[in-house]
Amino acid sequence: MPEGPEIRRAADQVEKALKSRSVMEVKFAFEHLKDYESMLEGAEVVRVDTKGKAMLIRFNNNVTIYSHNQLYGKWYVRNAYNYPKTNRQLRLAIHNEKKSALLYSASDIEVLRNEEVAHHPFISKVGPDLLSEDVTIDELKERFTSKRFYRKKWSSLLLDQSFVAGIGNYLRSEIMYVAGIHPDLRPVDCTEEMIEKAAEATITLVERSYKHKGITNDVELAKKLKSKGETRRQYRHWVFNREGEPCRIDGTEVKKIMAGSRRLYYCPTCQSK
Ligand SMILES: [Zn+2]
């Protein structure tokens, strides 16, 4: 399932294909959006933003296309009118002279006037997006210790899109490991130093995953392991998907538990209570 970094990378591709070029044709699969097709033809894409797993394609005529990939949505960027071979259903196509940006399978697509974007039910609730907005460590620390969040467990906060946008299941385990936070803990149980570490780990790992195609492990270490013949699944993460394997720091066996019906991996030594 794609997390924020995967959506941001898709947004970069879509932006590169569409930005500052006139749109030749737009096609929506859904009947209720058909009237917008002619409105968008001839317009230019100004920017593509993300808000967690949502994408906002902003046009120069005060219109924004909102899309949320949910579980199955997938973007393809191709040369113009060059469709990929796939059994997925095409839901949105934006073509210019050179490129086509094609969204398959997603059902959550809307056309909004710019002033409506902030009030959109998902956008209005979702937390800061670390890859599309400038978010500082201090701002995150403040958020982590705010009344709204500080009595909830980290393991549920880190999957809550209103806390920080774009974090999904692998990032949750990886952030908690790097910050040294035991799965039972809440921000209120943590020292200031732990809160600081958690804020740093959140920013660092989301950016690393974005820059290095989903790798959250130390990048040099991952390269070394890859050169020794390890598979991507083996070298990609610190603890995620590594149940029974030794912790990369101290050799303790990595444990897997269920938290919020999702898999969570941790090292009992690095993340003691
Ligand atoms: Zn450890």
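Parameters at a glance
- Residues numbered from 1 in each chain as written.
- Predicted model: local features only at pLDDT ≥ 70, side-chain atom pairs only at ≥ 80, totals over all residues.
- Heavy atoms only, no water.
- Salt bridge = Lys/Arg side-chain N within 4 Å of Asp/Glu carboxyl O.
- Axes fitted to C-alpha atoms, helices over the stretch in contact; angles between N-to-C directions.
- Helix = DSSP H or I, 4+ residues; strand = E, 2+ residues; numbered from the N terminus.
- Parallel < 35°, antiparallel > 145°, perpendicular 65-115°, else oblique.
- Left-handed = near helix turned anticlockwise from the far one by under 90°.
- Contact = heavy atoms within 4.5 Å.
- Buried < 20%, exposed > 50% of the residue type's maximum accessible area, 1.4 Å probe, protein only.
- Polar contact = N/O pair within 3.5 Å; in protein donor to acceptor, adjacent residues only side chain to side chain.
- Pairing = 2+ DSSP bridges.
- Expected span 1.5 Å × (residues − 1).
- Donors = N, O, S within 2.8 Å, 3.2 Å for Na, K, Ca; no water.
- Tetrahedral: all angles 85-135°; square planar, octahedral: opposite > 155°, others 65-115°.

## Overview of the pattern of salt bridges
Applying the stated criterion across every chain, the model contains 16 salt bridges. In this structure, the salt-bridge partner of Lys34 is Glu37, at a minimum N-O distance of 3.6 Å. A salt bridge links Glu116 to Arg113, with the shortest nitrogen-to-oxygen separation between them at 3.5 Å. By sharing partners, the salt bridges in this structure join Arg47, Asp49 and Arg58 into a single network.

## Considerations on the packing of helix H1 (residues 4-18) against helix H8 (residues 192-211)
In the contact formed by H1 and H8, the axes pass within 8 Å of each other and the chain directions differ by 45 degrees. Taken together, H1 and H8 sit at an angle that is classed as oblique. In the packing of H1 onto H8, the handedness of the crossing is right-handed. The residues of H8 that touch H1, namely those facing Pro5, Glu6, Arg8, Arg9 and Asp12, are Val206, Ser209 and Tyr210.

## Description of the environment of Lys99
Mapped onto the elements, Lys99 comes out in strand S7 (residues 99-104). Accessibility expressed as a relative area gives 27% for Lys99, which makes it partly exposed. Every residue in contact with Lys99, bar those within four places of it in the chain, is listed here: Ala17, Arg21, Val77, Arg78, Asn79, Ala80 and Ile94. Of note is the side chain of Lys99, whose polar atom sits 3.0 Å from the side chain of Asn79.

## Considering the sheet that holds strand S3 (residues 54-59)
The pairing of strands in a sheet comes from backbone hydrogen bonds and takes either a parallel or an antiparallel form. Spatially, S2-S3-S4-S8 is the arrangement adopted by the four strands of the open sheet, whose pairing is antiparallel. Each edge of the open sheet carries a strand with a single partner, namely strand S2 (45-51) and strand S8 (108-113). On average, each strand axis in the sheet is inclined to that of its neighbour by 20 degrees, with strand direction left out of account. Strand contacts of H1: S2 and S3, with the helix running at about 175 degrees to S2, the strand carrying the most contacts.

## Remarks on H8
Its 20 residues place the ends of H8 29 Å apart at the C-alpha level, agreeing with the 28 Å of an ideal helix rising 1.5 Å per residue. Every buried residue of H8 is listed here: Met194, Ile195, Ala198, Ala199, Ala201, Thr202, Ile203, Leu205, Val206, Arg208 and Ser209. Looking at the packing, one finds that the buried side of H8 touches H1, helix H5 (137-144), helix H6 (154-157), helix H7 (169-179) and helix H9 (219-227).

## What to know about the coordination of the zinc ion
The expected angle between donors at a tetrahedral four-coordinate metal is 109.5 degrees. At an octahedral six-coordinate metal it is 90 or 180 degrees. Taken together, Cys247 (SG), Asp250 (OD), Cys267 (SG) and Cys270 (SG) make up the protein donors of the zinc ion, found 2.2 to 2.5 Å from the metal. Taken together, the four donor atoms coordinating the zinc ion and their angles of 83 to 117 degrees define a geometry best described as irregular.

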